[in-house]
Every structure is written in structure tokens, then in C-alpha cells.
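Coordinate inspection notes
Here's the letter readout for the chains.
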Amino acid sequence: GFTLNTTAQSSGKSGNLSWCVTDGILKISGNGKMIDGEAPWGNSITEVIIENGVESIGEKAFLNITALKSASIANTVKSIGAEAFFGCSKLSEIIIPGSVSYIGNKAFSECTSLKNLEISSGLEHIGSFAFYECTSLKSLKLPSSIKSIEENAFSMCSELEEIKIESGCENYLSIDNCLISTENKTLILGCKNSIIPSDGSVTEIGNSAFYGAEGLK
């Protein structure tokens, strides 16, 4: 198990970045990348503000911070590291700005309160298990900039009702709440409202396409 770090520092430096915590609000500022695996701010923060100039969110930066309710990400962040927000079970909304092209493996796994997910055009890669077990997520809308979605990225999102990807995406399309990989005509993600197309656009159903989809028709 992990121990609660109640004696976290309240300000400091991490690489080229500075951070400070005031009344549970963590601000990270400066120019450059966050250091992977470094999280000196402890786990009692309730809000994160990542300011302009910060270029990445480090791996495990906010891992299992169950008090964290909101996070705002500046439009300078290019990547969100693996397990960055893993287990942030009170986080209810996340807006991924257009500067972000990469979301790492398990980045938002087990964010069980995440209801509102906004992904801006610019995102290219979603890692495996990235949004695994986001059990409050009802709607998934992906931009046409997406190039790769790794396995189980949205598995166990049991409340999903709507799956859409913007038209014009090279590698994926959505039909009737089914997310389809166009390269091999594989249905990679479905939900309780999916109707599997019978027009030949799907010839295969991926192993975990309906993994955890409740109330399937």
C-alpha cells in the first residue's frame, strides 16, 4: 500500500519548473518539461493549475491523488505521461488542449468520477488503458487528428452511451456509436448504444471492444 504523505513541501523546483501549493491548489509554472516520476507536492492537493510554458505532464505526476477534483492544462503542454492522473477518483472534468499530441498508457485510468472529457483537435496518440475504468464517462468525442488508439484505451467505461470521431480521420471512423479501425475494418470500441454496421465496414470485432459495456443490446 502507499503511505499518505502529509508532510509534503509547499513549494519547490522540479527541473526548470517551479511549483507551489496554497490551500490545496498546486500551480506549476516555468518553461520546459516536468520530470517523470517526480511528485514532491504530496497527495492532499485538490486542484492543479498547469501554467503556460509547461511542456509536459510527467509520468505518475498525480498518481492516486484521490483528493484532486480539478486540473487545468495550459495550451503549451505537448504530452501527458503514463499514469499521470491514474486513480484520481474525484476528478470530474478534463479538457485536453490542442497542443497535446500524446496521452500515455494508463494516464487517466480509474478516474471513476470523470464525466466530462473534452479532447481538442491535435491529439494523435492515446495509450493503452489510458481511460480504463472511467466509469462515469457517458460520451466520447474524438478529433480527426487521432492516429493511434492503443488496446483497452477505453475498456471498462461501463456508462458510455455515445462514441463519435470527427469525420476526416485517416485511421478511424465511427458509425452508430461504434469506433472502427479503418485499416483492418475492426470494431475497437462499442457501448450500450452501439449498432454494429452491416454494410461491410466492420469485418472483425476486437477482443475488448465491448469489455465492460453494460446493458448491451
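Data block above holds the structure.
In short, a report on the structure. All of these numbers come straight from a predicted model, not from anything done at the bench. (Residues numbered from 1 in each chain as written. Predicted model: local features only at pLDDT ≥ 70, side-chain atom pairs only at ≥ 80, totals over all residues. Heavy atoms only, no water.)

1. As for empty space enclosed by the protein
Overall, the coordinates contain 2 cavities of 30 Å³ or more when judged by the stated rule. Its boundaries defined by the atoms lining it, the largest cavity holds a volume of some 70 Å³. Surrounding the largest cavity, 15 residues form its lining, C157, G190, C191, G212 and A213 being those nearest its centre. Residues of the lining of the largest cavity, tallied by class, amount to 10 nonpolar, 3 polar and 2 charged. When its volume is computed, the second largest cavity comes out at roughly 40 Å³. If you trace the second largest cavity, you find it lined by S14, L17, S18, W19, I28, M34 and W41. (1 Å grid on protein atoms, 1.4 Å probe; cavity = no way out; pocket = protein on both sides within 12 Å on 5 of 7 lines; lining within 4 Å. Points joined across faces, edges and corners; volume = space filled by probe spheres on them. Nonpolar A, V, L, I, M, F, W, Y, C, P; charged D, E, K, R; others polar.)

2. A word on the sheet that holds strand β13 (residues 148–149)
Across the sheet, 5 strands lie side by side as β5-β7-β9-β11-β13; this open sheet has parallel pairing. The open sheet has two edge strands with one neighbour each: β5 (56–57) and β13. Where strand β7 (residues 79–80) meets strand β9 (residues 102–103), 2 bridges bridge the pair, whose relative direction is parallel. Directly across from S79, in β9, lies its bridge partner Y102. (Pairing = 2+ DSSP bridges. Helix = DSSP H or I, 4+ residues; strand = E, 2+ residues; numbered from the N terminus.)

3. Looking at the pairing of strand β16 (residues 178–181)
A two-sided burial pattern is seen for β16, the buried positions comprising C178 and I180 on one face and L179 and S181 on the other. The antiparallel hairpin formed by strand β15 (residues 172–175) and β16 contains 2 residues in its connecting segment, where D176 sits at a positive phi of about 50°. One ladder, built from 3 bridges, connects β16 with strand β17 (residues 186–189); its direction is antiparallel. Note that in β17 the partner of S181 across the bridge is T186. Counting the residues that bridge the hairpin from β16 to β17 gives 4 residues, and of these K185 lies at a positive phi of roughly 55°. (Buried < 20%, exposed > 50% of the residue type's maximum accessible area, 1.4 Å probe, protein only.)

Everything listed here is a matter of coordinates, which is why it stays silent on function.
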